[in-house]
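Residues per chain are reported as follows:
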Amino acid sequence: MKSLDDLILSVSRMGHMDGEDRQPPPPTDLLCYAPCPVKLAVKDALDALADALAHAHAGDGDTLAVHIPMGCTSVDPYDPLHRETDPDLLPQVIASIGFGDFFRHGFVERFVDAGVFAAPEPAAVTPMHRAAGIVDPAGRYLVYGLTPYIFLIDRKRLGDLPVPRRWADLLDPCYAGQVNMCGDGDDMADAVLLSIHKDFGMQGIARFAANTRGLMHSSRMAKSGGAPQAGGIYILPYFFAETTRQPDHMQTVWPEDGAAASPLYMLAKRTARPRLNRLIDFFATGFGQIESARWFLPLTGPLPQSLPPGAAIKWIGWDYIRATDITALRDRLNGEFRLLVKARAEQGTGGAPCAS
């Protein structure tokens, strides 16, 4: 059976009905994947930059070619880009989210470790990001924001069980069937599984899956009062937990050991400067000026005023990322976790008393 990557590559290489070879995607200055809640705002900001560049260079015809995929289900012509072998065929700037294709071992070896990309030196990094070690010490990736995963608690459904405060709490057998995990289609909260695996190994993943009732999209989790047929603990991005009005029995919990953080990152070619300086600066400093972007913890701030005192980030760390084929590990954990959750649902096991 073909992997999803192979399927996408095959589709991208299919000929037209008349037998002609499909043309490769056009060259682009920026390929940008952004989280859905801020995608339109990011697109508007980047379109404004493109218009400004076109106006400034009206005489010489220099324009900014930007590609921001807006759909969620269609095959994007740039999906197989991580398989490219020629650095000249890569966009000048790549922005993406999560531990996906541009963290894959082959792409990193060919382009990232080879020095094709250079991150701008971040200025005024927030203390929260600094403490978590978000800045890439090798100066390749610019992690300009984060998707923080936290807990939304339905105290009615949790009953007499204690409210979990740390990620380790979610491995306690007393929470069997209580955890609702953020996941939809092939997507998963990658930072959550990677963090649990790093701290507790596959045994931790198995214990976490044993407590997981099922998977659902974040927007369903964030419905006022929780989703029908759900457990009492939702794991979801902070944006969805805090931007929906909830009744009093719903409680947002920022884990004491930190919100599991998935990266919003940019890779800029060394050759992109000085022509694309303004574009690169948008990711380095301008992202945080988008009001809705604050829920995605911009590297240079500002941060949401609703953050609890002492709020921390749980980042898996650059040493761990570089010592591991992190995308391959993510994919394996995703598949194994789903199988374990399915097996738990079929067994219908109940909970045990919580550890004191």
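Residues numbered from 1 in each chain as written. Predicted model: local features only at pLDDT ≥ 70, side-chain atom pairs only at ≥ 80, totals over all residues. Heavy atoms only, no water.

Q: Help me understand the packing of aromatic side chains, please; the structure alone is not making it clear to me.
A: Pairs of aromatic rings are described using the distance from one ring centre to the other and the angle between the two planes. The full count for this structure, using the stated rule, is 19 aromatic pairs. Seen from their ring centres, Phe103 and Tyr265 are 4.9 Å apart, and the 70 degrees between their planes marks the pair as edge-to-face. Remark: Tyr265 occurs in strand β10 (residues 259–268) and Phe103 occurs in the loop between β3 (93–97) and α3 (105–112); sequence separation between them is 162 residues. Take Phe103 and Tyr265: they sit in the same class, and that class is buried. With a centroid separation of 5.2 Å and an interplanar angle of 65 degrees, the aromatic rings of Phe107 and Phe111 are classed as edge-to-face. Residue Phe107 and its partner Phe111 are located together in helix α3, separated by four residues, close to a single helical turn. Using a relative accessible area of 1% as the deciding quantity, one classes Phe107 as buried. Residue classification places Phe111 among the buried positions, given a relative accessible area of 1%. Three or more aromatic residues joined by ring pairs make a cluster, and in this case those are Phe99, Phe103, Tyr141, Tyr265, Trp315 and Trp318. (Phe/Tyr/Trp six-rings, centres within 6.5 Å; stacked < 30°, edge-to-face > 60°. Helix = DSSP H or I, 4+ residues; strand = E, 2+ residues; numbered from the N terminus. Buried < 20%, exposed > 50% of the residue type's maximum accessible area, 1.4 Å probe, protein only.)

Q: Please clarify how α3 should be interpreted in this entry.
A: Every α-helix carries 3.6 residues per turn, so stepping three or four residues along brings you back to the same face. Among the residues making up α3, those that are buried are Phe107, Val108, Phe111 and Val112. All buried residues of α3 fall inside an arc of 100 degrees around its axis, so they share one side. Its buried side turned inward, α3 meets β3 and β10. (Arc of directions from axis to C-beta. Contact = heavy atoms within 4.5 Å.)

Q: What is the right way to read the confidence of the model for the protein chain from this model?
A: For residues with low pLDDT, the predicted coordinates do not support detailed interpretation. Summarising the model, the protein chain shows a mean pLDDT of 86, and 87% of its residues fall at 70 or more. When the criterion is pLDDT under 50, residues 1–22 qualifies, and its contacts beyond four places in sequence or with other chains add up to 23 contacts. (pLDDT = per-residue confidence, 0-100.)

Q: How should the pattern of salt bridges be read in this particular structure?
A: A side chain with one charge may pair with a side chain of the opposite charge, provided their charged atoms come close. Applying the stated criterion to the full structure yields nine salt bridges. One salt bridge in this structure joins Asp47 and Lys43, with 2.8 Å as the shortest N-O distance. Linking Asp47 with Lys43, this pair stays in helix α2 (residues 36–56), spanning four residues, or about one helical turn. One continuous salt-bridge network, built from bridges that share partners, spans Asp101, Arg104, Arg330 and Asp331. (Salt bridge = Lys/Arg side-chain N within 4 Å of Asp/Glu carboxyl O.)

Q: Would you explain the pairing of β10 in this entry?
A: In summary, the side chains of a regular strand alternate between the two faces of the sheet. Counted residue by residue, β10 has ten buried out of ten residues, so it is predominantly covered. In β10, alternate side chains face the same way, and those of Ala259, Ala261, Pro263, Tyr265 and Leu267 on one face and Ala260, Ser262, Leu264, Met266 and Ala268 on the other are all buried. When β3 meets β10, the two strands line up antiparallel, connected through five bridges. By the bridge assignment for β10, Ile94 is matched with Leu267. In this structure, strand β4 (residues 142–154) lies alongside β10, joined through seven bridges in antiparallel fashion. Note on β10: the bridge partner recorded for Val143 is Tyr265. In this structure, β10 lies alongside strand β11 (residues 313–314), joined through two bridges in parallel fashion. Looking at β11, one finds that Ala260 is bridged to Lys314. (Pairing = 2+ DSSP bridges.)

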